[in-house]
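Below, each chain spelled out in residue letters.
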Amino acid sequence: MGSHFWPMGLCFWVCFSAFSFIHSVNSQGFGGGSIEGTVHVNGKDAIGKIDDDFICATLDWWPPEKCDYGTCSWGRASFLNLNLGSSILLNAVKAFSPLKLRLGGTLQDKVIYATPDNKQRCVPFQKSTTEMFGFTPGCLPMNRWDELNSFFQKSGAKLIFGLNALTGRTIHSNGTATGAWDYKNSESFIRYSVKKNYTVHGWELGNELCGHGIGTTIGASQYVSDTASLQKIIHDIYKGIEPKPLILSPGGFFDAKWFKDYTDKTTTSLDVVTHHIYNLGPGVDEHLIEKILDPSYLDGIASTFSNLRNILKSSSTSAAAWVGEAGGAYNSGRHLVSNSFVYSFWYLDQLAMSAAYDTKTYCRQTLIGGNYGLLNTTTYEPNPDYYSALLWHRLMGRNVLATSFSGPKKIRAYAHCAKQSKGITVLLINLQNTTTVEARVAFNTSWTLRHKHKSHRSHRAQLKFHQGLRSETVREEYHLTAKDGNLQSQTMLLNGNALTLNSSGIIPNLDPVYVNSSEPILVGPSSIVFAHIPYVVLPACR
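Residues numbered from 1 in each chain as written. Predicted model: local features only at pLDDT ≥ 70, side-chain atom pairs only at ≥ 80, totals over all residues. Heavy atoms only, no water.

The test is simple: UniProt positions are given in the numbering used here, feature names are shortened, and annotations may be inferred rather than shown by experiment.
The name an unreviewed UniProt entry assigns to the chain is Heparanase-like protein 3, from the organism Prunus mume. Under Sequence similarities (unreviewed entry), UniProt gives the following word-for-word description of the chain: "Belongs to the glycosyl hydrolase 79 family."

Here you go:
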């Protein structure tokens, strides 16, 4: 048994549970056999650092009449009509402690805030084919804002609110918007929120108005001036209040020239540069699953993360990069794709890839609503990606490690320092549908192995370029698979067990299996594995 002592009962339970699950991984009947590979982790320095609350989700304005390709998938999922009394919804948000929530979307630039000094009638959005974005202007009543903030306080959510940035502008037939931002109504809304002692983590200016824009576009120079106006408002209203909320912008699709012009001139007025990602194309596309399972297609978005990182590095700005909205497939996603197991291949790969390029926060479109919600639009029960997000939130620490994989091209490998615990967490995504991968982890820097003698005295062994070390320590593994092997299933299995709510709407425990460290990490066909390796101490994680 070496120098590490296990109580016999614990040893039997750990070994039996691990053996049972690993046996099931090897005997799923795919007939493709197994292949070996190596995860190479450089533990000398972190290549990026994410926010502790990296996971973020959005709530949108879309009313039930929002339809795409003949399907109306939003129901009562807008934050204007969402059932805030749902215990499932409350539990789902509370499980993150905290979850960032970004309130915004296409219609935010058509919203009037019904503050006490506002003279305009407060009317809801109405469908109209002659209006930009297909709806008339709408309104946020302050009693609904009060209800929302009560929910945010109960759930512990951190709120980012997207402000209407089109007020006061002239929209021309060529799609450009000119004139300065009329911020009177927004200023009144922010004052109301501060008077009510509502905590807003950040205020974001505009939605998809940068670069080529969606519906209309605003030039970078004008946006610089408007951002300075927002900063002045925030500093004035929050005078004597610390910390002040973040100022975020522009909340649109990445355009290198526009973003460079903008960030070079907002060096003192901007905290976060936000951009949106819908790299899978329209939700009506029948080839979405093929794209998700194609590593070369997944790699295509890396240039966006890289280019934005380089723009921020070359600028004198201190602003950080966030993905402010990402639904993968635009126009509400696709039923039984963006709300099914297969989407976790895209989603977790996005989270990990963006983190490797120093993205601080990633906001998923949506928490609820459309076909890409983390929660079911009708029942509020978690879709598979909810559990993927929650596991990431609990396991992946702030420091991102340079990681590569020697083996099949359809294995995606990432690693972070572990979150609130020792060691590292490795994320492995197997896009192959017939082959199990036996992955060993190798380190190309000196690292420390910790274990205890029976006398509880600890010792260290310095090891270099070492893999597959035999010791009596164990690692924790979380294997995610689709129910019945159906990638379009809306039920996710964790270590072979279906993840479902109990009768009280409580989020299930996400328990690992324990595997002896001498064994390779088995990544079954069409599966995802988080492996927490607690006995490795790397310089980047100290």
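Now that the structure has been shown, we can carry on.
With respect to the state of the cysteines
Here a disulfide denotes a covalent bond joining the sulfur atom of one cysteine to the sulfur atom of another. Defined as follows: Put simply, a disulfide is two cysteine sulfurs that come within 2.5 Å. Each helix is a run of DSSP H or I of at least 4 residues and each strand a run of E of at least 2, with the numbering of both proceeding from the N terminus. The buried label applies to any residue whose accessible area, calculated with a 1.4 Å probe on protein chains only, is under 20% of its type's maximum; exposed applies above 50%, and partly exposed to all values in between.
What the rule picks out here adds up to four disulfides. The partner cysteine of Cys 56 in its disulfide is Cys 363, sulfur to sulfur 2.2 Å. Here Cys 56 and Cys 363 share a disulfide; its torsion about the S-S bond, 85°, makes the bridge right-handed. With a gap of 307 residues between them, Cys 56 in strand 2 (residues 55–59) and Cys 363 in strand 15 (residues 359–364) connect regions that are remote in the sequence. Considered together, Cys 56 and Cys 363 belong to a single accessibility category, that of buried residues. In this model Cys 122 forms its disulfide with Cys 139; the gap between the sulfur atoms is 2.0 Å. Note on the Cys 122 and Cys 139 pair: the S-S dihedral is about -100°, so by sign convention the disulfide is left-handed. Here the residue Cys 122 occupies a position in the loop between strand 4 (111–114) and strand 5 (138–141), and Cys 139 occupies one in strand 5, the gap between them amounting to 17 residues. With its disulfide-bonded cysteines labelled consecutively along the sequence, the chain is connected as 1-6, 2-3, 4-5, 7-8.

Focus on the packing of helix 6 (residues 256–265) against helix 9 (residues 302–314)
How we decide: Under this scheme, a helix contributes an axis fitted over its contacting stretch, all axes are lines through C-alpha atoms, and angles between N-to-C directions fall in the 0 to 180 degree range. Oblique is the label for any angle not covered by the other classes, which are roughly parallel (under 35 degrees), roughly antiparallel (over 145) and roughly perpendicular (65 to 115). Here a crossing is taken to be left-handed if its near helix is turned anticlockwise relative to the far helix by less than a right angle, and right-handed if that turn runs clockwise. Note on contacts: a residue pair is in contact if any heavy atoms of the two residues lie within 4.5 Å.
Their axes nearest at 10 Å, the elements helix 6 and helix 9 cross at an angle of 25°. Taken together, the axes of helix 6 and helix 9 are roughly parallel relative to one another. Viewed along their axes, helix 6 and helix 9 form a crossing whose handedness is right-handed. For the pair helix 6 and helix 9, the contacting residues are Ala 256, Phe 259, Lys 260 and Thr 263 in the first and Leu 308, Ile 311, Leu 312 and Ser 314 in the second.

A closer look at the packing of aromatic side chains
Heads up, the rule is: Ring geometry is summarised as follows: Phe, Tyr and Trp rings, the Trp one being its six-membered ring, pair when their centres sit within 6.5 Å, and such pairs are stacked at plane angles under 30 degrees, edge-to-face over 60 and tilted between the two. Whether a charge sits over a ring depends on NZ of Lys or CZ of Arg being within 6 Å of the ring centre and within 35 degrees of the ring normal.
Under the definition given, this model contains 29 aromatic pairs. Lying over the aromatic face of Trp 62, Lys 66 brings its terminal NZ or CZ to 4.3 Å of the ring centre.

Looking at the confidence of the model for the chain
Convention followed: As a per-residue quantity, pLDDT reports the predictor's confidence and falls between 0 and 100.
Confidence in the prediction for the chain averages 92 pLDDT; 89% of positions are at 70 or higher. Contacts of residues 1–16 to residues separated by more than four positions or lying in other chains number 22 contacts, the stretch itself having pLDDT below 50. Taken together, the stretch residues 27–31 has pLDDT below 50 and engages in six contacts with residues farther than four places along the chain or on a different chain.

Brief notes about the side chain of Ser 489
Worth spelling out the cut-off: As used in this structure description, the phrase polar contact means that two N or O atoms lie within 3.5 Å; if the pair is within protein, one of them must be able to donate a hydrogen and the other to accept it, and residues adjacent in sequence are counted only when both atoms belong to side chains.
Considering the arrangement of structural elements, one finds Ser 489 in the loop between strand 22 (474–482) and strand 23 (492–494). There is a polar contact of 3.0 Å between the side chain of Ser 489 and the backbone nitrogen of Thr 491. The contact partners of Ser 489, leaving out residues within four places of it in the chain, are Ser 340, Phe 341, Pro 384 and Lys 483.

Quick look at unusual backbone geometry
Residue Pro 98 is bonded to the preceding Ser 97 through a cis peptide linkage, with omega at 10°. As for its position among the elements, Pro 98 is in the loop between helix 2 (87–94) and strand 3 (100–103). The omega torsion across Glu 242 and Pro 243 is -5°, close enough to zero to call that bond cis. Tracing the backbone shows Pro 243 in the loop between helix 5 (220–237) and strand 10 (246–253). A positive phi angle, close to 50°, is found at Asn 495, a residue other than glycine. Note on placement: Asn 495 falls in the loop between strand 23 and strand 24 (497–498). With relative accessibility at 9%, the residue Asn 495 sits in the buried group.

Points about the environment of Thr 58
Take Thr 58: it is sitting in strand 2. Judged by its relative accessible area of 0%, Thr 58 is buried. Not counting residues up to four positions away in its chain, the partners in contact with Thr 58 are Arg 102, Gly 324, Cys 363, Arg 364, Gln 365, Thr 366, Leu 367 and Ile 368. There is a polar contact of 2.5 Å between the side chain of Thr 58 and the side chain of Gln 365.

Describing the nonpolar core
Quick note on the threshold: Residues belong to one nonpolar core when they are buried, are Ala, Val, Leu, Ile, Met, Phe, Trp, Tyr or Cys, and are joined through side-chain atoms within 4.5 Å.
Counting 129 residues, the largest nonpolar core has Trp 145 and Trp 392 as its most contacted members. Setting aside anything within four residues of it in sequence, one finds Trp 145 in contact with Leu 103, Leu 140, Phe 152, Leu 159, Phe 161, Phe 189, Tyr 192, Ser 193, Tyr 198 and Val 200. Membership of the second largest hydrophobic core comes to 24 residues, among which are Val 41, Ala 415, Val 437 and Ala 540.

A few points about the sheet that holds strand 6 (residues 158–163)
We count it as follows: At least two bridges found by DSSP between two strands are what make those strands a pair.
One closed barrel holds the eight strands; their spatial order is 2-3-6-9-10-11-13-15, and the pairing between them is parallel. When strand polarity is set aside, the average angle formed by the axes of neighbouring strands in this sheet is 25°. Note: strand 6 against strand 9 (residues 202–205), four bridges, orientation parallel. What sits directly across from Phe 161, in strand 9, is Trp 203. Contacting strand 6 and strand 9, helix 4 (residues 184–195) crosses the sheet at an angle of about 160° to strand 6.

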